[in-house]
Amino acid sequence: MCALYVLFASTAEAGARIYTDRDAFIAASQNLQATDFEDQPLSRGSQPIVVNGITFSASQAVGINLRNGSKVVLGEGVPEGVQVIVTLPPGTTAVGFEQYSFPMNLAVSVGGEFHYTAGGPTFVGFTSATPIDHLIFNYSYFPQQGMSTVYLDNFLVGQRGPVAQPPTAFDFTGDFKADVSIWRPSNGTWYINNSANGSLSLFGWSVAGDVPVPGDYDGDGKTDVAIWRPSTGVWYIVNSSNAQVTIRSWGVSSDVPAPADYDFDGKTDIAIFRAATSRWYIIRSSDGTQKDVIWGGSDDVPVQGDYDGDGTIDFAVWQPTDGKWHLRNSDSNSTVDHYWGVSGDRAVPADYDGDGKTDLAIWRPSNGTWYIINSATNTVKTLSWGIVSGDVPVAADYDGDGKADVAIWRPSNGTWYIINSSDGVSRVVGWGVSGDVAVPSVYVR
């Protein structure tokens, strides 16, 4: 597959989502109108054409032409490239289509991008909470190969359907509750206490020196067991949807794994943060292309999260020595600096108030206190929870109410102490032994 190395800022409105599976896009949409151009006369000219309320214009010429026996929209440009603009009917919040040229960059008015590559998907769909005004296709070609063209077909235009509840971090069973779980380095085994039915799941997956990197890499709403091997830079992921294993080399031993859904397609992307060069290296699961972003400093640690609530992960770093958070919001590409925490604190960002935004939060081991800035009200919440030397913060949504619960794991006795955000009731769960790693702590910095 051809891969593009790109540096860009992806901006996205709240609730934006990208799809490369037609059936999944249709299931997430409603009131779709299909346009396949078979009833249109063949044409070619410099003026825009309008079909079923969709306007097509190109930098050189646009019209209806034949491709493999089917009628399609053909946009033409100069030999060096072509730009095709598709203006959608007012109120469109869901659009899908086929596109057959590559390498091709697609930009969407509500934010986000898609990069077509050889061997990649031809269908792409977008849904958004706000109207999608237009699509812009930019196709770079080579003079020696003649006129550059863009082929478009099979449009589906309508509205976004009811929004499903987003997946929950560290939820291996898909019941929207984080599972109490540990990883045992001594034998490479994952021990998961399934919240759905109380059963135990065991996964022998790793060797000494590996780093757990759980996430929903296949987009089925369940957290996948996964590890990253610093010694080789290889990722080993067990897809929960089909039990198949994904193996991908990405990173070097000094990198920090920072997987998350950076392209808002509902799947965790393989990613690392390289402090030495202040760079993030990401493999976009939506189109397989690689993204290289400069953000942070040599002493920073990654604290990626959706701080602006637009459904897309924001690049963010935290400076442990002075407590400075440095965020880049994906909804506006604006930057935010905030001092929260002191040397010795642990960064524990999560959505504690259930407003869909990651909250700045730290846990102070010296006094066992949590300091959380609720993004919904911009108020500070402090809570003393965890004080025994060696306690580990493991905030996650254990009760399934859409809010992260304050929680700690005590390695000395293998006990979890959780405060349910839904009712304020605390509960105690015995799970793990000294030497284990609490899975919900793996991204605590």
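Please refer to the structure higher up on the page.
These notes cover the structure that comes with them. The structure displayed is predicted, hence computed values, not measured ones.

Points about the overall build of the chain
Broken down by element type, the chain carries one helix and 38 strands. Against the globule reference of 22 Å for 445 residues, the chain gives a C-alpha radius of gyration of 24 Å, in line with a compact fold. Overall size of the chain, expressed as C-alpha extent along the three principal axes, is 75 × 45 × 40 Å. Taken over 445 residues, the chain has a buried fraction of 52%. Partitioning the intrachain contacts of the chain with sequence separation of at least 6 by distance along the chain shows that 50% fall at a separation of at least 24. As displayed, the chain offers around 18,100 Å² of accessible surface, 51% of which is attributable to carbon and sulfur atoms. Taken together, the 26 basic and 48 acidic charged side chains of the chain have centroids lying 3 Å from each other.

Focus on the sheet that holds strand β36 (residues 415–419)
By way of backbone hydrogen bonds, the strands of a sheet pair with one another, either parallel or antiparallel. Read across the open sheet, the four strands follow the order β34-β35-β36-β37; overall the sheet is antiparallel. Since the sheet does not close on itself, it has two edges, and those belong to β34 (392–393) and β37 (426–430), each with one partner. Bridging between strand β35 (residues 407–410) and β36 involves four bridges; their strand directions are antiparallel. Each bridged residue has a counterpart across the sheet, and for Ala-407 the counterpart in β36 is Ile-418.

Some thoughts on the packing of aromatic side chains
Tallied over the entire structure, the rule returns 18 aromatic pairs. Cluster of aromatic residues (ring-pair linked, three or more members): Phe-37, Phe-56, Phe-97, Phe-137 and Phe-155. Across the ring face of Tyr-100, the terminal group of Arg-67 is positioned such that the distance to the ring centre comes to 4.2 Å. Over the ring of Tyr-191 we find Arg-184, and its NZ or CZ is 4.4 Å from the ring centre.

Comments concerning the pattern of salt bridges
Scanning all chains against the criterion turns up ten salt bridges. For Glu-76, the salt bridge goes to Arg-44, with nearest N and O atoms at 2.7 Å. Of this pair, Glu-76 sits in strand β7 (residues 70–76) while Arg-44 sits in the loop between β3 (29–35) and β4 (49–51), and the two are 32 residues apart along the sequence. We classify Glu-76 as buried; its relative accessible area is 11%.

Reading the values: rules and limits
Residues numbered from 1 in each chain as written. Predicted model: local features only at pLDDT ≥ 70, side-chain atom pairs only at ≥ 80, totals over all residues. Heavy atoms only, no water. Helix = DSSP H or I, 4+ residues; strand = E, 2+ residues; numbered from the N terminus. Rg over C-alpha atoms; globule rule 2.2 N^0.38 Å. Buried < 20%, exposed > 50% of the residue type's maximum accessible area, 1.4 Å probe, protein only. Contact = heavy atoms within 4.5 Å. Areas by Shrake-Rupley, 256 points an atom, 1.4 Å probe, with all protein chains shown as cover. Lys, Arg positive; Asp, Glu negative; His and termini not counted. Charge placed at Lys NZ, Arg CZ, Asp CG, Glu CD. Pairing = 2+ DSSP bridges. Phe/Tyr/Trp six-rings, centres within 6.5 Å; stacked < 30°, edge-to-face > 60°. Lys NZ or Arg CZ within 6 Å of the ring centre and 35° of its normal. Salt bridge = Lys/Arg side-chain N within 4 Å of Asp/Glu carboxyl O.

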